[in-house]
Structures are given as structure tokens and as C-alpha cells.
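Chain by chain, the residues run as shown.
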Amino acid sequence: MVITFDDFKKLDIRIGKVLSAERVKGADKLIKLQIDLGTEKRQIVVGMAKFFEPDHFIGKELPILTNLESKSFKGIKSQGMILATDVNGKPILLHPEKEVPAGSIVR
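Here we summarise the structure given alongside this text. Treat the numbers as computed from the prediction; the structure is a model and nothing was measured. (Residues numbered from 1 in each chain as written. Predicted model: local features only at pLDDT ≥ 70, side-chain atom pairs only at ≥ 80, totals over all residues. Heavy atoms only, no water.)

### Observations regarding the layout of surface pockets
In plain terms, the rule: Cavities and pockets are defined on a 1 Å grid built over the protein atoms alone: a cavity is a set of grid points where a 1.4 Å probe fits but cannot escape, while a pocket is an open set with protein on both sides within 12 Å along at least five of seven lines, and lining residues are those with an atom within 4 Å of any such point. Grid points are joined across faces, edges and corners, and a volume is the space filled by probe spheres set on the points. In this text, helices come from DSSP runs of H or I with a minimum length of four residues, and strands from runs of E with a minimum of two, each type numbered from the N-terminal end. Note that Gly is not counted as nonpolar here; it falls among the polar residues with everything else outside the nonpolar set of Ala, Val, Leu, Ile, Met, Phe, Trp, Tyr, Cys and Pro and the charged set of Asp, Glu, Lys and Arg.
There is about 310 Å³ of room inside the largest pocket. Looking at the largest pocket, it is lined by 16 residues, and the ones nearest its centre are Val45, Val46, Phe73, Gly80 and Met81. Taken together, the elements giving at least two residues each to the lining of the largest pocket come down to strand S3 (41–46), strand S5 (71–73) and strand S7 (81–82). Within the lining of the largest pocket, the residues separate by chemical class into 10 nonpolar, four polar and two charged.

### Description of the environment of Ala84
Here is the rule: We call two residues in contact whenever any of their non-hydrogen atoms come within 4.5 Å of each other.
Mapping Ala84 onto the fold places it in strand S8 (residues 84–87). With 22 residues separating them along the chain, Ala84 and Leu62 place their C-alpha atoms 8.6 Å apart. Those residues in contact with Ala84 that sit more than four places away from it in its chain are Met48, Ile92, Leu93 and Leu94.

### Points about the side chain of Asp36
The cut-off we apply is this: For the exposure calls, accessible area comes from a 1.4 Å probe over protein chains only, and a residue counts as buried if that area is under 20% of its type's maximum, exposed if over 50%, partly exposed in between. Charge counting follows a simple rule: Lys and Arg are positive, Asp and Glu are negative, and His as well as the terminal groups are ignored. Any Lys or Arg side-chain nitrogen found within 4 Å of a carboxyl oxygen on Asp or Glu counts as a salt bridge. Polar contact criterion, stated in full: a pair of N or O atoms within 3.5 Å, where within protein one must be able to donate a hydrogen and the other to accept it, and residues adjacent in sequence count only if both atoms are side-chain atoms.
Mapped onto the elements, Asp36 comes out in strand S2 (residues 31–36). For the buried Asp36, no salt bridge is present, and the opposite-charge side chain at shortest range is Lys41, 4.2 Å distant. Only 2.8 Å separates the side chain of Asp36 from the backbone nitrogen of Gly38, close enough to count as a polar contact. In contact with Asp36, not counting residues within four places along its chain, are Ile15, Gly16, Lys17, Leu19, Lys41 and Ala102.

### A closer look at the nonpolar core
As a reminder, the rule being used: The set of buried Ala, Val, Leu, Ile, Met, Phe, Trp, Tyr and Cys residues whose side-chain atoms join them within 4.5 Å is what this entry labels a nonpolar core.
In terms of nonpolar packing, the biggest core is built from 16 residues, with Ile31, Leu33, Ile35, Val46, Phe57, Leu62 and Ile64 touching the most fellow members. For this core, the secondary structure elements donating two or more residues are strand S1 (13–23), S2, S3 and strand S4 (61–65). A per-element tally of this core places S2 first, with three residues. With residues near it in sequence (within four places) discarded, Leu62 still touches Arg14, Ile15, Gly16, Val18, Phe57, Ile82, Leu93, Leu94 and His95. Of all hydrophobic cores here, the second largest spans five residues; its members include Val24, Leu30, Val45 and Ile76.

Next up, the structure:
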């Protein structure tokens, strides 16, 4: 599917820094992250617990889709989505090549 540039401009992707991470009780795949987006902090739930321990995320700068509709997983509200790539069914986290301020806009 091809989208227009105007469609792409609707996406608000920012770099967030992971402040904390913990497994979601009662869920095999879920990790709850606290993310610093510069002007605010958000909670994001990721389904990557089969691939990473929670500590793997702490301190990392990651691209976050911030204007995605919130969704609840196991009663925990997720306020965005981490962008990652998939290689042979395993997520690979994306990072800026050097440190940037939390909340930096991805264009």
C-alpha cells in the first residue's frame, strides 16, 4: 500500500528514553516501559519479553509512535508504540546513531 506524504506527516514519531522496564504480571510476552519524551512521560507496553529481559531496555533511546490511539493490555494502558524491525521473527531495536534529547522529532 502506498500512502501520500500528507499521510506520513500525520505520524508523530519522537525519540523516547526508557526510564524503567518491568514484566507484566500474568503475561508471558509483555513488558511495561516508562518512557521520557522530553515534555512528558508515557507508559508503553511491548510484546518482547520472549526476546529481551526488561533491563535490556533501560536507558535506550528508541523511536516512539506517539499519536497512536491508546490500547490496554492486561489492564495496563499503552500510550504509543516502539518502532523496531523484524529479522527472522525476532525484534531488533532501532536507535539514533548518537545521543539526542528526549522528545526529538523523527522526520
